[in-house]
Amino acid sequence: DASNMSRLRQARLPNHSLDPNHPLTDEIMRVCQSHWDNWGASCAGMELLEKDGELAVYRKQLEEEGMIIDPILATYTVSGVSAREVAEYFWDLHYRLDWEHTLDSAPVVVDTLAADTVLLHQIYRRVWPTAQRDAVFWSHIRHDERRTMVVNYSTDYKAPPLINSRQRMRLNVSMICETELPPELPADRRHIRCRIQYAANINPGGWAPATVLRQVAKREYPKFLRRFTAYCIDKVKNRPVQL
Ligand code: 6CM
């Protein structure tokens with residue numbers, strides 16, 4: 001029926017600017033669709049790592065072949081910034097080092113696939129006593145009238161060789177944002193809120209003590225969400241809202 005049709009239409013991912021013949025396009029479509037469908041994900045069975053007002057960070061302890069791969073799921077709602085704005089600060093490399101403090105150096109753009117998709121190489125700060133990590137991943141931004149999403153996903157495509165002293169993390173990360181604006185109020189920055197759902201699945205790609213990994217995660221994810229959103233709010237505060 002009609003209402004079902006419109007629901008289906010909403011669930012479909014909006015347009016992207018990828019070349020349909022590019023070797024990564026199918027994977028990007030598939031991975032992004034599954035994240036998009038995961039909006040409103042349940043945290044049932046997950047451990048609450050941090051709860052502070054509107055911020056909630058959950059983790060599920062998971063080990064695979066001796067590797068700690070605990071999935072992280074977080075939700076946060078912040079005021080004075082739109083979904084579009086938050087997602088753009090997360091995606092746009094220009095701002096990366098302003099809020100991302102786990103990196104050892106600026107990200108390197110390995111390739112630009114489209115206006116909405118880049119291939120990145122990032123080198124992380126070493127965490128004692130483990131080897132330094134790097135990651136190679138595509139990063140894609142997508143939006144419709146309601147939501148904007150960024151997905152970062154590891155790939156071997158065009159990946160620079162791994163140097164000896166490092167290990168390569170694999171990541172599957174999404175941030176989905178939705179603007180909240182009470183229908184009776186004008187689209188003014190003072191009235192808007194942004195609901196954020198952040199999900200991270202990280203495989204450390206090599207040995208690291210479980211206690212260290214879990215401590216780092218417990219400390220760093222809430223810190224990242226607070227610092228990153230505070231950064232966005234500060235950046236936009238004197239600008240007209242971009243919905
Ligand atoms: O999602 C975040 N950042 C994105 C842009 O940089 C991107 C990166 C994801 C990687 C997240 C893993 C970081 C793990 C901490 C680094 C230390 C590695 C060594 C571990 C050995 C003990 O999606 C924000 C990421 C916030 C991370 C807390």
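Up top is the structure.
A brief look at the structure comes next. Quantities reported herein were computed from a predicted structural model and do not represent experimental measurements.

Lining the immediate environment of the ligand, one finds 19 residues, of which Glu 100, Gln 122, Asn 152, Tyr 198 and Glu 220 sit closest. A distance of 2.6 Å is found between an oxygen atom of the ligand and a side-chain nitrogen or oxygen belonging to Glu 100. One nitrogen or oxygen atom from the side chain of Tyr 198 is found 2.6 Å from an oxygen atom belonging to the ligand. For the shell around the ligand, the elements supplying multiple residues, two or more each, are helix H4 (96-99), strand E11 (170-180), strand E12 (193-203) and helix H5 (210-236). Ranked by residues supplied to the shell around the ligand, first place goes to H5 with five residues.

With that settled, consider the packing of helix H3 (residues 83-91) against H5. Running from N to C, H3 and H5 cross one another at 115 degrees; their axes reach a closest spacing of 10 Å. When the axis of H3 is compared with that of H5, the two are roughly perpendicular. Note that H3 runs across H5; the crossing there is right-handed. Residue-level inspection shows Glu 85, Val 86, Tyr 89 and Phe 90 of H3 in contact with H5, the latter providing Phe 224, Phe 228, Tyr 231, Cys 232, Lys 235 and Val 236. For the contact of H3 with H5, the class distribution of residues is eight nonpolar, no polar and two charged.

Take the pattern of salt bridges next. Taken as a whole and assessed by the stated rule, the structure comprises 19 salt bridges. The salt bridge partner of Glu 54 is Arg 193, with a shortest N-O separation of 3.2 Å. Pair noted here: Glu 54 is in the loop between strand E1 (47-52) and strand E2 (55-59) and Arg 193 is in strand E12, with a separation of 139 residues, a long-range link. With relative accessibility at 28%, the residue Arg 193 sits in the partly exposed group. The shortest N-O distance in the salt bridge between Glu 178 and Arg 195 comes to 3.6 Å. Here Glu 178 is found in strand E11, whereas its partner Arg 195 is found in strand E12, with 17 residues between them in sequence. Glu 178 sits in the buried class, given a relative accessible area of 8%.

Attention now goes to the pairing of strand E7 (residues 117-123). Burial of E7 is extensive: seven of the seven residues sit out of reach of the surface. Burial of the side chains of E7 extends over both faces: Thr 117, Leu 119, His 121 and Ile 123 are buried on one face and Val 118, Leu 120 and Gln 122 on the other. In this structure, strand E6 (residues 108-114) lies alongside E7, joined through five bridges in antiparallel fashion. Of the residues in E7, the one forming a bridge with Asp 111 is Leu 119. In this sheet, strand E8 (residues 132-143) lies alongside E7 in antiparallel orientation, the contact comprising seven bridges. From the neighbouring strand, Thr 117 faces E8, where its bridge partner is His 140.

We now examine the side chain of Ser 139. Considering the arrangement of structural elements, one finds Ser 139 in strand E8. The class of Ser 139 is buried, set by a relative accessible area of 0%. For Ser 139, the contacting residues outside a window of four places in its chain are Trp 91, Asp 116, Thr 117, Val 118, Leu 120, Val 150, Val 151 and Asn 152.

Criteria and thresholds
- Residues numbered from 1 in each chain as written.
- Predicted model: local features only at pLDDT ≥ 70, side-chain atom pairs only at ≥ 80, totals over all residues.
- Heavy atoms only, no water.
- Near = heavy atom within 4 Å.
- Polar contact = N/O pair within 3.5 Å; in protein donor to acceptor, adjacent residues only side chain to side chain.
- Helix = DSSP H or I, 4+ residues; strand = E, 2+ residues; numbered from the N terminus.
- Axes fitted to C-alpha atoms, helices over the stretch in contact; angles between N-to-C directions.
- Parallel < 35°, antiparallel > 145°, perpendicular 65-115°, else oblique.
- Left-handed = near helix turned anticlockwise from the far one by under 90°.
- Contact = heavy atoms within 4.5 Å.
- Nonpolar A, V, L, I, M, F, W, Y, C, P; charged D, E, K, R; others polar.
- Salt bridge = Lys/Arg side-chain N within 4 Å of Asp/Glu carboxyl O.
- Buried < 20%, exposed > 50% of the residue type's maximum accessible area, 1.4 Å probe, protein only.
- Pairing = 2+ DSSP bridges.

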